[in-house]
Amino acid sequence: MYGHLSTARFADDYPQFFARGEGAKVWDVDGREFIDLMCTFGPILLGHAHPEVDAAHNETAARGDVLNGPGPELVELAELLVGQVPHADWAMFAKNGTDATGLALTTARAASGRSKVLMARNSYHGIDAWALPAEAPGTTAEEHLNTVWFDYNDLDSVEAAVLEAGEGAIAAIVCTPHRHDVYTDQVPAERAFAQGVREICDRVGAALILDDVRCGLRIDLRGSWEQHGVRPDLSAWSKSLANGYALAVLLGAEPYREAAGKIVATGSFWLAGAPMAAALKTIDILKATDGIATMETQGTRLQEGLRAQAQEHGFEVSVSGPPAMPLLLFPDDAPDFAKGLAWSGHCANHGVYLHPVHNWFLSTAHDGAIIDAALERTDLAFADLKRAL
Ligand SMILES: Cc1ncc(COP(=O)(O)O)c(C=O)c1O
């Protein structure tokens with residue numbers, strides 16, 4: 001296994017291969033049941049195998065999922081998203097988050113005729129070379145020449161990156177809604193930072209790209225920087241759009257429409273209708289059930305419960321992130337993250353699937369009873385860790 005889904009470094013019993021999921025639970029191929037606090041690393045928003053979403057998906061699939069051109073779902077979904085996300089005047093669909101962030105940058109470059117992109121150190125925007133660290137194996141030095149780095153929440157470092165890149169050369173500044181890098185606590189975006197980045201983009205004539213791939217639909221239906229009063233020019237979405245079906249979208253403001261229409265952008269499966277039908281149903285249910293509020297309430301209970309348990313067991317922990325995307329780290333755990341690896345292994349043994357260093361995800365299927373059951377099991381895992389140490 002490769003990438004972040006490899007469990008090679010994890011505890012021996014930590015599951016690698018899965019057989020099925022239902023609601024807030026997953027089962028591995030050995031038949032072990034887990035309360036799932038990872039939600040497929042984001043895509044599962046309403047719970048696994050959601051019957052109404054699956055029915056909507058399957059109904060469209062039965063008529064033909066991938067045809068010679070898009071079906072009506074594309075228009076309906078584009079209209080829904082453009083109506084829901086204030087900065088958006090048009091939509092362009094693809095499959096993965098990397099597609100959406102890449103399309104955003106290509107559009108920004110086509111619109112401005114410029115090449116440079118500014119991004120935060122350690123932020124993740126997918127696997128295109130421009131977004132990877134210079135030392136990423138298999139990428140060439142030339143592929144990294146146009147990326148200039150700054151520190152998240154540090155406007156002075158953004159200004160330094162602007163100087164380094166040259167004002168007239170910057171096509172875009174790309175940001176995640178908050179700092180959600182692996183191996184470290186999640187940190188909210190400071191309002192002044194979000195607004196400052198917007199102002200810098202306006203001053204230098206660059207596009208502000210908000211990478212909402214991981215946070216989208218878990219924080220704010222309108223886009224995750226609405227809370228700061230900041231609207232991007234382009235926003236990239238994927239993971240949770242279709243409750244597990246493959247779909248991504250680039251949303252853009254009017255001044256970028258023409259450029260988006262000119263770029264070379266296509267994929268054999270990008271316009272498949274069934275995931276779009278699933279997305280229409282997913283967003284419909286999320287809104288009708290006030291799902292974001294549910295995740296916030298239950299996520300807060302989980303975060304508070306974990307903090308209290310850790311204290312009772314005598315562990316110092318940091319629990320960070322928005323309630324729908326919690327993360328627990330042991331502060332003195334780097335560089336090998338031994339405590340986190342051991343604790344997540346104990347959690348798996350007690351039937352909770354979570355991650356030692358990557359933020360977790362809640363879904364609307366995580367109700368009070370599930371959170372209580374999860375906390376009972378994490379409590380046992382803290383006790384195991386204490387005994388082991
Ligand atoms: C913020 C962010 N951007 C982009 C991506 C890339 O998405 P994908 O893995 O679907 O290509 C991810 C994936 O984790 C992400 O978290």
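That block above? That's the structure.
Rules of the game
Residues numbered from 1 in each chain as written. Predicted model: local features only at pLDDT ≥ 70, side-chain atom pairs only at ≥ 80, totals over all residues. Heavy atoms only, no water. Helix = DSSP H or I, 4+ residues; strand = E, 2+ residues; numbered from the N terminus. Rg over C-alpha atoms; globule rule 2.2 N^0.38 Å. Buried < 20%, exposed > 50% of the residue type's maximum accessible area, 1.4 Å probe, protein only. Contact = heavy atoms within 4.5 Å. Areas by Shrake-Rupley, 256 points an atom, 1.4 Å probe, with all protein chains shown as cover. Lys, Arg positive; Asp, Glu negative; His and termini not counted. Charge placed at Lys NZ, Arg CZ, Asp CG, Glu CD. Pairing = 2+ DSSP bridges. Expected span 1.5 Å × (residues − 1). Axes fitted to C-alpha atoms, helices over the stretch in contact; angles between N-to-C directions. Parallel < 35°, antiparallel > 145°, perpendicular 65-115°, else oblique. Left-handed = near helix turned anticlockwise from the far one by under 90°. Core = buried A, V, L, I, M, F, W, Y, C linked by side-chain atoms within 4.5 Å. Near = heavy atom within 4 Å. Polar contact = N/O pair within 3.5 Å; in protein donor to acceptor, adjacent residues only side chain to side chain. Patch = residues over 30% accessible without salt bridge, like charges linked within 9 Å, V, L, I, M, F, W, Y side chains within 5 Å. Salt bridge = Lys/Arg side-chain N within 4 Å of Asp/Glu carboxyl O. Phe/Tyr/Trp six-rings, centres within 6.5 Å; stacked < 30°, edge-to-face > 60°. Lys NZ or Arg CZ within 6 Å of the ring centre and 35° of its normal.

Draft legend 1. Examining the overall build of the protein chain more closely. Secondary structure summary: the protein chain contains 10 helices and 13 strands in total. In terms of overall dimensions, the protein chain is globule-like: its C-alpha atoms have a radius of gyration of 21 Å, near the 21 Å expected for 389 residues. Dimensions of the protein chain, computed from the C-alpha atoms along their principal axes, are close to 60 × 50 × 40 Å. With 389 residues in all, the protein chain has 56% of them scored as buried. The contacts of the protein chain with a sequence gap of at least 6 include a subset with a gap of at least 24, amounting to 75%. Accessible surface computed for the protein chain: about 16300 Å², of which carbon and sulfur atoms make up 52%. Averaging the coordinates of the 29 positive side-chain charges in the protein chain and doing the same for the 52 negative ones gives two points 1 Å apart.

Draft legend 2. Summary view of the side chain of His48. Tracing the backbone through its elements, the reader meets His48 in the loop between strand S3 (33-36) and helix H1 (51-63). A residue is classified by how much of its surface remains accessible, and His48, at 11% relative accessible area, is buried. Those residues in contact with His48, other than ones at most four positions away along the chain, are Gly21, Glu22, Gly23, Lys25, Val26, Asp36 and Thr40.

Draft legend 3. Layout of the sheet that holds strand S2 (residues 25-28). Ordered by their spatial adjacency, four strands build an open sheet running S1-S2-S3-S13, and the pairing between neighbours is mixed. This sheet does not close on itself; its edge strands, each paired only once, are strand S1 (18-22) and strand S13 (352-353). The pairing of S2 with S3 spans three bridges and is classified as antiparallel. For Lys25, the partnering residue across the bridge sits in S3 and is Ile35.

Draft legend 4. Molecular detail of H1. Under the 1.5 Å per step criterion, the end-to-end length of H1 is 19 Å for 13 residues, consistent within 8% with the ideal 18 Å. In this structure, the buried side of H1 is in contact with helix H2 (72-84) and helix H7 (273-288). Looking one or two places after H1, you find Gly64, whose phi comes out positive at around 125°.

Draft legend 5. View of the packing of H1 against H7. One way to put it is that H1 packs onto H7 with a least axis distance of 8 Å and a crossing angle of 150°. Judged by the angle between their axes, H1 and H7 are roughly antiparallel. Crossing angle aside, the handedness with which H1 passes H7 is right-handed. Facing Glu52, Val53, Ala56, His57, Thr60 and Ala61 of H1, the residues of H7 in contact are Gly273, Ala274, Pro275, Ala277, Ala278, Lys281, Thr282 and Ile285.

Draft legend 6. Structural view of the nonpolar core. In terms of nonpolar packing, the biggest core is built from 41 residues, with Leu306, Leu328, Trp343, Trp360 and Phe382 touching the most fellow members. Elements that contribute at least two residues to this core include exactly S3, helix H8 (291-312), strand S12 (327-329), helix H9 (338-349), S13 and helix H10 (368-388). The element best represented in this core is H10, accounting for eight residues. Excluding residues that lie within four positions of it along the chain, Trp360 makes contacts with Leu37, Met38, Leu302, Leu306, Ala324, Met325, Pro326, Leu327, Leu328, Trp343, Leu354 and His355.

Draft legend 7. Main features of the sheet that holds strand S8 (residues 207-211). A sheet is described by the order of its strands in space; here seven strands give the open sequence S4-S10-S9-S8-S7-S5-S6, paired in mixed fashion. Taken across any chain shown, the strands that pair with only one partner, and hence form the sheet edges, are strand S4 (90-94) and strand S6 (147-150). Recorded for the sheet is a direction-independent mean angle of 20° between the axes of neighbouring strands. Sheet analysis places S8 next to strand S9 (residues 234-237), joined by three bridges and oriented parallel.

Draft legend 8. Representation of the pairing of S3. With antiparallel pairing between neighbouring strands as the criterion, S2 and S3 make up a hairpin whose turn holds four residues, including Gly31 at a positive phi of roughly 85°. Relative to S13, S3 runs parallel, the two being bridged by two bridges. In the sheet register, Ile35 faces S13, and the bridge partner there is Val352.

Draft legend 9. Inspection of the site of the ligand at higher detail. Around the ligand, a shell composed of Asn96, Gly97, Thr98, Tyr124, His125, Gly126, His180, Asp211, Val213, Arg214 and Lys239 is seen. Within the side chain of Arg214, an N or O atom sits 2.8 Å from an oxygen atom of the ligand. In this structure, an oxygen atom belonging to the ligand sits 3.2 Å away from a side-chain N or O atom of Lys239.

Draft legend 10. Representation of a nonpolar patch on the surface. On the surface, a cluster of nonpolar side chains totalling about 420 Å² of accessible area is made up of Met1, Leu5, Phe17 and Val29. By secondary structure assignment, the location of Val29 is in the loop between S2 and S3. Classification of Val29 as exposed rests on a relative accessible area of 53%.

Draft legend 11. Inspection of the packing of aromatic side chains at higher detail. Within the structure shown, the criterion is met by 12 aromatic pairs. Each ring, one from Tyr152 and one from Phe193, has its centre 5.0 Å from the other, and the planes form 45°; the classification is tilted. Residue Tyr152 is found in the loop between S6 and helix H4 (155-165), and its partner Phe193 is found in helix H5 (residues 191-204); the two are separated by 41 residues along the sequence. Residue Tyr152 is classed as buried on the basis of its relative accessible area of 10%. Directly above the aromatic system of Trp27 lies the positively charged group of Arg20, at a separation of 3.9 Å from the ring centroid.

Draft legend 12. Inspection of the side chain of Glu226 at higher detail. Relative to the helices and strands, Glu226 is located in the loop between S8 and S9. Among the residues examined, Glu226 registers a relative accessible area of 13% and is labelled buried. Of note is the side chain of Glu226, whose polar atom sits 2.7 Å from the side chain of Arg231. Excluding residues that lie within four positions of it along the chain, Glu226 makes contacts with Pro86, Asp220 and Arg231.

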